[in-house]
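# Topology and contacts: notes
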Amino acid sequence: MTEREFQAKLAELDRLLNDPEVRMDPDRVWTLLAEISARQVQGAARA
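Now for a description of the structure that goes with this document. (Residues numbered from 1 in each chain as written. Predicted model: local features only at pLDDT ≥ 70, side-chain atom pairs only at ≥ 80, totals over all residues. Heavy atoms only, no water.)

Taken as a whole and judged by the stated rule, the model has 2 salt bridges. Residue Lys 9 pairs with Glu 35 through a salt bridge whose shortest N-O separation is 2.7 Å. On the criterion of sequence distance, the pair formed by Lys 9 in helix H1 (residues 3-18) and Glu 35 in helix H2 (residues 26-46) is long-range, its members being 26 residues apart. The class of Lys 9 is buried, set by a relative accessible area of 19%. Where Glu 12 meets Arg 28, a salt bridge forms, and the shortest distance between an N and an O atom there is 2.9 Å. Of this pair, Glu 12 sits in helix H1 while Arg 28 sits in helix H2, and the two are 16 residues apart along the sequence. Under the relative-accessibility criterion, Arg 28 is labelled partly exposed at 27%. (Salt bridge = Lys/Arg side-chain N within 4 Å of Asp/Glu carboxyl O. Helix = DSSP H or I, 4+ residues; strand = E, 2+ residues; numbered from the N terminus. Buried < 20%, exposed > 50% of the residue type's maximum accessible area, 1.4 Å probe, protein only.)

Put into structure tokens, the structure is as follows:
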């Protein structure tokens, strides 16, 4: 995942959690969290 894709996923997650006009989609929230955390774990393993 590129840095741009990562930032887009963070922005989407922020909208899902904080924008009252966006319908909450728990499955999408968990999917985004899994993708974001997998990237962070991979980055920590490389360091």
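To continue, consider the environment of Lys 9. Residues Lys 9 and Val 29 lie 20 residues apart in sequence; the distance between their C-alpha atoms is 9.9 Å. Discounting residues that sit within four places of it in the chain, Lys 9 has contacts with Met 1, Leu 32, Glu 35 and Ile 36. (Contact = heavy atoms within 4.5 Å.)

Core analysis: the largest hydrophobic core is formed by 6 residues, namely Phe 6, Leu 13, Leu 16, Val 29, Leu 32 and Ile 36. For this core, the secondary structure elements donating two or more residues are H1 and H2. Not counting the four nearest positions on each side in its chain, Leu 32 is found in contact with Lys 9, Glu 12, Leu 13 and Leu 16. (Core = buried A, V, L, I, M, F, W, Y, C linked by side-chain atoms within 4.5 Å.)

Here we come to H1. The end-to-end C-alpha distance of H1 is 22 Å, a good match for the 22 Å that 16 residues give at a rise of 1.5 Å each. Of all the positions in H1, only Phe 6, Lys 9, Leu 13 and Leu 16 are classed as buried. For H1, the angular spread of buried residues about the axis comes to 90 degrees, placing them on one side. Set apart from the buried face of H1 by more than 90 degrees, the exposed residues are Arg 4 and Asn 18. (Expected span 1.5 Å × (residues − 1). Arc of directions from axis to C-beta.)

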